[in-house]
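# An overview of the molecular structure
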Amino acid sequence: MSASGSGARPPRRGTVLLVLAVVAGLVAVVHPLRRWVVEPRRQTLLGHRESPGRRLAQASQFGFATASGASIRLVPGRPVLEVSDLPAQAVTLILGGFRGPYVMWLWVKVEEDKHKKVHFDLIHRYTRIAMLQSDYPQVWTFLAWNLAWNLPVQWQSLERRYQWIRRAIEFLGEGFRKNPHSAEIAADMGRIYSEKLGRSQEAEYYRRRVREEFGRSVFLVAYEWYDLARQVNERHNSLGRGLGRSVMYRQACHNLSYHAKELTQDVYDAFAESVKARADGRDADARKAYETGIRRLDEAIKAWKWAWRDWHDETLRFEKEQIMAMQLEIFRRFRAEAEETTRQLETLRNQLTYENLPDTFQRMQRPKIQ
Amino acid sequence: MRLWILAPVAVAVLVLTDLSSPRFDLVFEGIPAAVGTSLLVMTVLTVVLGVFFATYSIPAEIETKVSYSVVTKPLARWEIVAGKTAGMSVLMLAMLAVVGAGAYAYVLARAGGIQSLAASRLDEARQRAAHPADLNALEAAARDGPLTTFRYRTADSGPDVRIHYPPDMPPEPGVRWILGETSRFLRWGLSTTPLREWVATGTAHLRIALRVRPPSKADAPPLKVNVALTSADLDARAKAAPAPARADLVRQVVIEVPDSGVIEVPVAGPNVRPEKGVLNLPPAGDAVLEVGAATPGYLVGAAGGAVSIVGPGGQPFHLDAAPQDPSAADRTRAYLVGRDDLPRQVAIFRFGGVPSGALGPGSTAVEIRLSVDAWSPATVEPAAEATFLNPATGRQQIFRFTPEGHHATLLYLDRDFWHGGPLEVGLECVTKDDYLGVVPASVRLRMDGGPFAIHLAKAVLCVWLFGTVLAAAGVLPSTRFTWYTSILATGVLLFASFMREFVRSELLRDLWVKHATWRVAEWAKSCWDWDGWDNVVEQLIIPLPDVWALLPDDTISTGQVASLAQMAATLGWAALATAVLVAAGALLWRKREVAA
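About the thresholds
- Residues numbered from 1 in each chain as written.
- Chains lettered and ligands numbered in written order.
- Predicted model: local features only at pLDDT ≥ 70, side-chain atom pairs only at ≥ 80, totals over all residues.
- Helix = DSSP H or I, 4+ residues; strand = E, 2+ residues; numbered from the N terminus.
- Buried ≥ 20, exposed ≤ 12 C-beta atoms within 10 Å, placed from the backbone.
- Contact = placed C-beta atoms within 7 Å.
- Rg over C-alpha atoms; globule rule 2.2 N^0.38 Å.
- Core = buried A, V, L, I, M, F, W, Y, C linked by C-beta atoms within 7 Å.
- Domains from an automatic or database assignment.
- pLDDT = per-residue confidence, 0-100.
- Pairing = 2+ DSSP bridges.
- Axes fitted to C-alpha atoms, helices over the stretch in contact; angles between N-to-C directions.

### Points about the overall build of chain A
Looking only at helices and strands, chain A has 14 helices and zero strands in total. The helix and strand sequence of chain A, counted from the amino end, reads α-α-α-α-α-α-α-α-α-α-α-α-α-α. Relative to its 370 residues, chain A shows a buried fraction of 36%. Counting contacts in chain A only where the partners sit at least 6 residues apart, residues at least 24 apart contribute 69% of the total.

### Here's the deal with the overall build of chain B
Scanning chain B for helices and strands turns up 15 helices and 24 strands. In terms of overall dimensions, chain B is more spread out than a globule: its C-alpha atoms have a radius of gyration of 34 Å, far above the 25 Å expected for 596 residues. A principal-axis box enclosing the C-alpha atoms of chain B has dimensions of 110 × 70 × 40 Å. Put simply, chain B has 596 residues, and 36% of those count as buried. Looking at chain B alone, contacts between residues at least 24 apart form 83% of all its contacts between residues at least 6 apart.

### As for unusual backbone geometry
Residues and elements named next belong to chain B. Cis geometry is adopted by the peptide bond preceding Pro159, which originates at Gly158 and carries an omega value of 5°. Positionally, Pro159 belongs in strand β2 (residues 157-164). Between Leu342 and Pro343 the backbone carries a cis peptide bond, its omega angle lying at 0°. Its place among the elements puts Pro343 in the loop between β15 (334-337) and β16 (344-354). If you check the backbone angles, Ser183 has positive phi at about 60° while not being a glycine. We note that Asp433 has phi near 75°; this positive angle belongs to a residue other than glycine.

### Some words on the nonpolar core
Core analysis: the largest hydrophobic core is formed by 96 residues, its most contacted members being Val99, Leu427, Val463 and Val469 of chain B. With 16 residues, helix α10 (residues 452-478) of chain B is the single largest residue contributor to this core. Of the residues that make up this core, three or more belong to each of domain 1 (1-149 + 451-498 + 565-596) and domain 2 (151-161 + 331-448) of chain B. Dropping the residues within four chain positions of it, Val463 of chain B is found in contact with Leu39, Met42, Thr43, Thr46, Leu96 and Leu551 of chain B. Membership of the second largest hydrophobic core comes to 75 residues, among which are Ile129, Ala260, Phe331 and Leu345 of chain A.

### Remarks on the confidence of the model for chain A
Low-confidence regions, as indicated by low pLDDT, have predicted coordinates that should not be scrutinised in detail. Residues and elements named next belong to chain A. Taken residue by residue, chain A gives an average pLDDT of 81. The fraction at 70 or more is 81%. The spread of mean pLDDT over the elements of chain A runs between helix α2 (residues 52-62), the lowest at 34, and helix α8 (residues 183-198), the highest at 96. When the criterion is pLDDT under 50, residues 1-7 qualifies, and its contacts beyond four places in sequence or with other chains add up to eight contacts. Counted against residues more than four places away or in other chains, residues 44-81, with its pLDDT under 50, gives 46 contacts.

### Re the sheet that holds strand β6 (residues 211-213) of chain B
Residue and element names in this part refer to chain B. Taking strand neighbours across the sheet as the criterion, the three strands line up as β3-β12-β6 in an open arrangement whose pairing is antiparallel. Either end of the sheet is taken by a strand with one partner, and the two such strands are β3 (176-179) and β6. Each adjacent strand pair in this sheet contributes to an overall mean axis angle of 25°, direction not counted. Here β3 pairs with strand β12 (residues 299-302) via four bridges, running antiparallel. Residue pairing in the sheet places Arg176 in a bridge with Ala302 of β12.

### Let's talk about the confidence of the model for chain B
On average, chain B scores 87 in pLDDT, and the residues at 70 or more come to 91%. Here the complex is predicted with pTM 0.76, and the ipTM for its interfaces comes to 0.71.

### Some details on the pairing of strand β13 (residues 307-310) of chain B
Consecutive side chains of a regular strand alternate in pointing toward one face of the sheet and then the other. All names here are of chain B. A one-sided burial pattern is seen for β13, the buried positions being Val307 and Ile309 and the unburied ones Ser308 and Val310. Pairing geometry for strand β5 (residues 204-209) and β13, over four bridges, is antiparallel. The residue of β13 that forms the bridge with His205 is Val310. Bridging between β13 and strand β14 (residues 316-319) involves four bridges; their strand directions are antiparallel. Each residue of the ladder has a partner; that of Val310, found in β14, is Pro316.

Next up, the structure:
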């Protein structure tokens, strides 16, 4: 190695040509790669070209589950290296031994940024970290937790909060693509859908947005991810530390119960509208709302049956495994709740007529999702 | 390997890195991230040069015996060390200039693409815009491009809290109004009255004639007001040790206001036994009467001559004074109570003569920072309203936006609306049950920061100053130790400087301070009773200079220009640090036999 000095030779023409050739080659490779591979994928990730909700909905038509209750098992695939990963892989290789210090610096900076509430570079740095440490599920889940929980609360507007959670979902989705054997990532995704979008303080707004974008209930999406996490964990035992197996497994069942409760709320609302319309003397509207309520009631009964079946399966699984009695009791209790509610709704369905709706409605209660 | 190859490699790395990193919001994050990446790459370049090359020169010359012919010249050692540092510094400057030019070209190209992207997204966003502030920002990016620089101008006066009256309320000159539940008071000084003499002989009465305007809602609860007697001299009140018998004096009473608006409050002396509903005069200082409205929605006012005092014997005293203006403390920080209908509070900020030339060619952005206490249900977004008034033309522009507690909201004014000169900004909270906190810096104008190229050049200059200090730090150990040891020493210095806060706060404060330095602090305290010893001892633990602080901070990437004072401070610190390091290097080399 030689610094510039009196003995330094002038640059040879060959060196200059070599450098120019390398730069030209890089441009020739990178530009088409960016134009036709990275950019479309980025746009897709951002949701500008295609809603991620639609993507997931399309995927679920083929893979995850159907609303009728038939759950199709999705076999987790092998890690796939896509063409769009090549720049990231190249950067990782180029950095060599400097990867560690660089990642450490990035970690320090993102935590500083979070505390200083500087966000314009945050996603950029998260992406870098995830790019350089993509094989660690905990990296994805930790950063996604920040995106879904710690950052949205710094904003007041629900739209902006929702956009941060969307970012967390996209980010974690990318993490699951890179780590398809990680039940931890899948369970964390389920948790974002269930706890953040489905049951937080602002859940009313989020549930509406998810329904608009995904075309179905947030709890069904949460169920799909938890169900996926169950399957991946059965196959690869990759749940990680911190979340008990039975605790995670029953989250899938819980989300089916929440979904059923959501449908039951719809039933209540439709009947309430019907009763009100009848009291106002709008008989046609009242009859229409009643019929809607009956349709929803059928759907709710199916959903409760589905929830009962899932609770029942898991109860049997853990009875066989002889887990702690206290844990088992939780499964039995919620299975009984699903069974009892199904029975009550079926009784209601058999006895309810348009004529006796006002009297019956007096005894109905709108279920709460907690 | 030739050093100049590093410059095009650095440009290539910055372009590749920026392009391969997804941006979730390219319009607003693209340029800041590209500038940030450019500065990062330049920093890495200077670190590589400083750590690996500045440490190399002197040991190599000693090894090859080139230094024999140098040190035997009539040159002082400090001149040689300074020359090495200056040479490396010039080399860095040249390379940073090349990389900076490349980065500028790349950012320019990126900005063109972002501007067209913003224009295409504007049409889509217009249909589903939930927040006008976001749309304004997008419009500005589409119209003026993302390459904007700015500096702030804080309001010349404000917040001046007023009441936004309902349109059907006739003006009543001379009457000062307060709004219910807003912690504002009607205040009168009673020092010129005979109240203190009269209460010494018996119970006097304060008679206050209030003007009342009920809220428009029919089922409004009856109006209640707080009437309080305090002391004007707060210091005297705080210093006076309260006697046990005076601790529970009645300082405030709540009274329902009759339809006539006239209330009467009995007042007793400070030594009279407290009695419910009877105010006690403060024992010291000039007495001040404060009246506040406790029922939301009511407007309560008073004019001059509204207060009269009736003595124990029935003798009257009329106070001609009007209610006083709010105190200075109230004018620097205010809480706006949210109301969904008029009347409500409005905080006025005024800008004096803003020169038209300082506004730049694009839209003028007004940055609004508020603290938000949102007590409304979680599904209700807090809403605020900003009213811009151009006093020269009398035109108004109103924006309704969702205030963010932790982040600023940018509102862009139309260029047709205001071309400089005076400007008034009124802020209101329009969500029921929510509160907005405002301070003088809550409203800032983003003035034109000048050409982007100069802005970037200043940032590059900061990186160069950092590099110069680093070069001096690299040369310093190399005057005494081998190349490898010098690399290690410089690397450790950089790393320790980077981890400075962590080392201080986490390691030393917990491990060392608690077990060792507290003894020093205790001993010092025993000599001189001063609470500051704890901090001083902590500060003295590790006097490590923060080399990284010389680098431009994150606000540079967003377009906020560094002030001349900041640049001068950076330059001064860098020069000082370099001089100290060069002097230390020369000292080290003097003790070494080079040409023996």
